[in-house]
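Given next are the chains, with one letter for each unit.
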Amino acid sequence: MFLGGCGGDKKGGESADFARQQAFPSTYSVTQSRPVLIVGATLLTGTGEQLENTDLLLQDGAIAEIGEGLKAPEGALLVNGSGKWVTPGIIDVHSHLGDYPAPAIESSEDGNEMTSPNTAEVWAEHSVWTQDPQFALALAGGVTTLQILPGSANLFGGRGVTLKNVPGRRVQDMKFPGAPYGLKMACGENPKRVYGGKGTAPSTRMGNVAGYRKAWIAAADYRKAWDGYEKNGGDKPERDLELETLAGVLNGDILVHNHCYRGEEMAIMMDIAREFGFQISTFHHAVEAYKVADLLAENNVCAAMWADWWGFKHEAFDMTEANIAIVDQAEACAMIHSDSAVGIQRLNQEVAKAMTAGQRAGFDIGPGDAVVWMTLNPAKALGIDERTGSLEKGKMADVVLWSGNPFSVYTKAEMVFIDGELMYDRADKARQPHSDFELGILEAEGERL
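Numbers given for residues are sequential positions, taken from 1 along each chain in its written order. Whole-chain, interface and lining totals are the exception, using all residues; otherwise, since this is a predicted model, local features are given only for residues with pLDDT of at least 70 and side-chain atom pairs are given and counted only at 80 or more. Excluded from the side-chain calculations are hydrogens and water; all other atoms, namely the structure's heavy atoms, are used.

**Observations regarding the overall build of the protein chain**
Numbered from the N terminus, helices here are DSSP runs of H or I no shorter than four residues, and strands are runs of E no shorter than two. Tallying secondary structure elements over the protein chain gives ten helices and 16 strands in all. Throughout, radius of gyration means the C-alpha value; the globule benchmark is 2.2 Å times the number of residues raised to the power 0.38. Its C-alpha radius of gyration of 22 Å places the protein chain within 12% of the 22 Å reference for a compact globule of 449 residues. Dimensions of the protein chain along its principal axes, counting C-alpha atoms only, are 65 × 50 × 45 Å. Here the protein chain holds 449 residues, and 55% of them are scored as buried. In this analysis, two residues are considered to be in contact whenever any of their non-hydrogen atoms come within 4.5 Å of each other. Look at the contacts in the protein chain between residues 6 or more apart in sequence, and 69% of them connect residues 24 or more apart. Charge assignment in this entry is limited to Lys and Arg as positive and Asp and Glu as negative, and neither His nor the chain termini are counted. Charged groups are reduced to one reference atom each: NZ for lysine, CZ for arginine, CG for aspartic acid, CD for glutamic acid. Measuring between centres, the 39 positive side-chain charges of the protein chain sit 3 Å from its 61 negative side-chain charges. Here the term buried applies to any residue with accessible area under 20% of the maximum for its type, exposed to any over 50%, and partly exposed to those in between, with areas from a 1.4 Å probe on protein chains only.

What follows is the structure, encoded as structure tokens:
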């Protein structure tokens, strides 16, 4: 769609395009240079299955066949999968790579626009430094897709962007084609601390909620004005970048990603969503998700959690290491996330810890179940699960070959394919991206796989 304010004539009956996907369109393009046949591996499909001694054919950028005794097309790269495991590429729904690049110096920290409680008008992609060497380190850990989010100081932090983990001169070369934008929101301590400390609203949790509701009322009015103009003509409304993003949420075109630790705050946010008629995609840092797991399932809201990171501030104290498993057992959409340039390199190990905690709590959870927490469920949260996140015929060939069970501490990613192209190979230094800027990483050897 189309905003009349962008220079075109009014299109009668059309709804306004508040998401504006074409303002900074994806220029992503990776072409698979030759087919790949992985032979005789253990496959965790991301759909709950564990397939032994199975072949996987990647062709024309997609998963072409899964089975036994597959024939290699002419010119194919043959990979002996004996003793190896294969999973979909890891997807991290919460990263700040590029917005907080390495080396970590103040002049390049561009992820948190802490100048107003509502900065829905800023877009994280406009801060991404594509040469951040941390992208390559995440690739070595099997991460093929990641969402870059603004920080959590504000009630509305701005738009997030979903990227493929490939080299790019500009951020648009990395943008996942057609992935919906996200809106970063934040509950709890951060907004009230940042703005209460400045003597302005919000300074309490009730101030936070008042701020959300005021903004959604304004966004609903904005959407109504534009829809009226599109339908009936008349005076063209003035374009507003902040309200445009919020109206995109109300239209269902932009997904809400909500930093929120406490259970009762998640319940309030779901009530707010119901009041104004929008859907929350995912609560991030959901340390108390286990307390509202049934509500998450009932409201079709995902929870992104850590395995065992807690207690660093008051709202992060009431944690259980079985958090992810409890949410999963309630049939809500559970997943791991990093929020860390180091943690993103080891998300398979984080899932292993969460799986083990669930088993200790008495749940019957195996690798075929747990792999979903780092593949298909994050894809659902980002609105891209029809295209990636599982090993299913026709999906993007985003695949990791592991040296063994990915939930063993001794296992490493050996090969990483994105759209079928070999982007990382632990046995071939020519396929191990490095950057001169790694020289600036403090204790570099301690921060890489």
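**Regarding the state of the cysteines**
The rule for a disulfide is simple: a pair of cysteine sulfur atoms within 2.5 Å. By the definition in use, this model includes one disulfide. Shown here is the disulfide that connects Cys-302 with Cys-333, its sulfur atoms set 2.4 Å apart. The disulfide joining Cys-302 to Cys-333 has a torsion of about 85° about its S-S bond and is therefore right-handed. Remark: Cys-333 occurs in the loop between helix H7 (323-329) and strand S13 (334-336) and Cys-302 occurs in strand S12 (residues 302-305); sequence separation between them is 31 residues.

**Thoughts on the pattern of salt bridges**
The working definition used for a salt bridge is a side-chain nitrogen of Lys or Arg within 4 Å of a carboxyl oxygen of Asp or Glu. Going through the model one piece at a time under the given rule, you end up with 20 salt bridges. One salt bridge connects Asp-173 with Arg-170, and the closest N-O pair in it is separated by 3.5 Å. We classify Asp-173 as buried; its relative accessible area is 18%. The partly exposed category is assigned to Arg-170, whose relative accessible area is 42%. Between Glu-264 and Arg-262 there is a salt bridge; the shortest N-O distance is 2.6 Å.

**Let's talk about the nonpolar core**
In terms of nonpolar packing, the biggest core is built from 90 residues, with Phe-156, Trp-216, Phe-278, Phe-283 and Leu-296 touching the most fellow members. Per element, the largest residue contribution to this core is seven residues, and it comes from helix H3 (residues 205-232). Joining through side-chain atoms within 4.5 Å is the link that ties buried Ala, Val, Leu, Ile, Met, Phe, Trp, Tyr and Cys residues into a set, and such a set is a nonpolar core. Residues Val-36, Leu-58, Val-79 and Val-86 belong to the second largest nonpolar core, which totals 17 residues.

**Remarks on the pairing of strand S9 (residues 182-186)**
For a regular strand, side chains alternate in direction, first toward one face of the sheet and then toward the other. Among the five residues in S9, five count as buried, and that is most of the element. Side chains of S9 alternate between two faces, with Gly-182, Lys-184 and Ala-186 and Leu-183 and Met-185 buried alike. Here a strand pair is declared whenever DSSP counts at least two bridges between the two strands. For strand S8 (residues 156-164) and S9, the ladder comprises four bridges, and the chain directions are antiparallel. Residue pairing across strands places Gly-158 opposite Lys-184, the latter belonging to S9.

**Concerning helix H8 (residues 347-360)**
Expected span of a helix: the number of residues minus one, times 1.5 Å. With 14 residues, H8 should reach 20 Å at 1.5 Å per residue; the first-to-last C-alpha distance of 20 Å fits that figure. Those residues of H8 hidden inside the fold are in contact with strand S6 (90-95), strand S7 (143-148), H7, S13, helix H9 (367-370) and strand S14 (399-402). Note on H8: the residue one or two positions beyond its end, Gly-362, has a positive phi of about 100°.

**Some remarks on the packing of aromatic side chains**
Here the aromatic set is Phe, Tyr and Trp, taking the six-membered ring for Trp, and pairing holds for ring centres within 6.5 Å; pairs whose planes are under 30 degrees apart are stacked, those over 60 apart are edge-to-face, and all others are tilted. Under the criterion given, the structure shown has 14 aromatic pairs. When the ring of Trp-306 is compared with that of Phe-312, the centres are 5.7 Å apart and the planes differ by 80°; the resulting orientation is edge-to-face. Between Trp-310 and Phe-317, the ring centres sit 6.2 Å apart and the planes meet at 85°, which makes this aromatic pair edge-to-face. The class of Phe-317 is partly exposed, set by a relative accessible area of 45%. An aromatic cluster is defined as three or more aromatic residues linked by ring pairs; in this entry it consists of Phe-18, Tyr-222, Trp-226 and Tyr-229.

**What about unusual backbone geometry?**
A cis amide bond links Ala-102 to the next residue, Pro-103, at an omega of 0°. Tracing the backbone through its elements, the reader meets Pro-103 in the loop between S6 and helix H1 (134-140). Residue Pro-202 follows Ala-201 across a cis peptide bond; omega there is 0°. In this fold, Pro-202 is placed in the loop between helix H2 (189-196) and H3. Backbone geometry places Asp-60, a non-glycine residue, at a positive phi of 55°. Among the structural elements, Asp-60 can be located in the loop between strand S2 (50-59) and strand S3 (62-67).

**Here's the deal with the packing of H3 against helix H4 (residues 241-250)**
Axis angles are defined between N-to-C directions and span 0 to 180 degrees, where every axis is a line fitted to C-alpha atoms and, for a helix, only to the segment in contact. Look at H3 against H4: their axes get within 8 Å of each other, and the N-to-C directions meet at 85°. With respect to H4, the axis of H3 lies roughly perpendicular. Within the contact between the two elements, H3 uses Ala-215, Trp-216, Ala-218, Ala-219, Ala-220, Tyr-222 and Arg-223 and H4 uses Leu-243, Glu-244, Leu-246, Ala-247, Val-249 and Leu-250. Taken together, the residues of the contact of H3 with H4 break down into eleven nonpolar, no polar and two charged. Angles are sorted into four bins: roughly parallel if under 35 degrees, roughly antiparallel if over 145, roughly perpendicular if 65 to 115, and oblique for all others. Three residue categories are used. Nonpolar comprises Ala, Val, Leu, Ile, Met, Phe, Trp, Tyr, Cys and Pro, charged comprises Asp, Glu, Lys and Arg, and polar comprises the others, including Gly.

**Points about the pairing of strand S4 (residues 77-80)**
Taking every second residue as pointing to the same face, the buried face of S4 carries Leu-77 and Val-79, while none of Leu-78 and Asn-80 on the other face is buried. The pairing of strand S1 (residues 36-44) with S4 spans four bridges and is classified as parallel. Residue Ile-38 lies in a different strand from S4, and its bridge partner there is Val-79.

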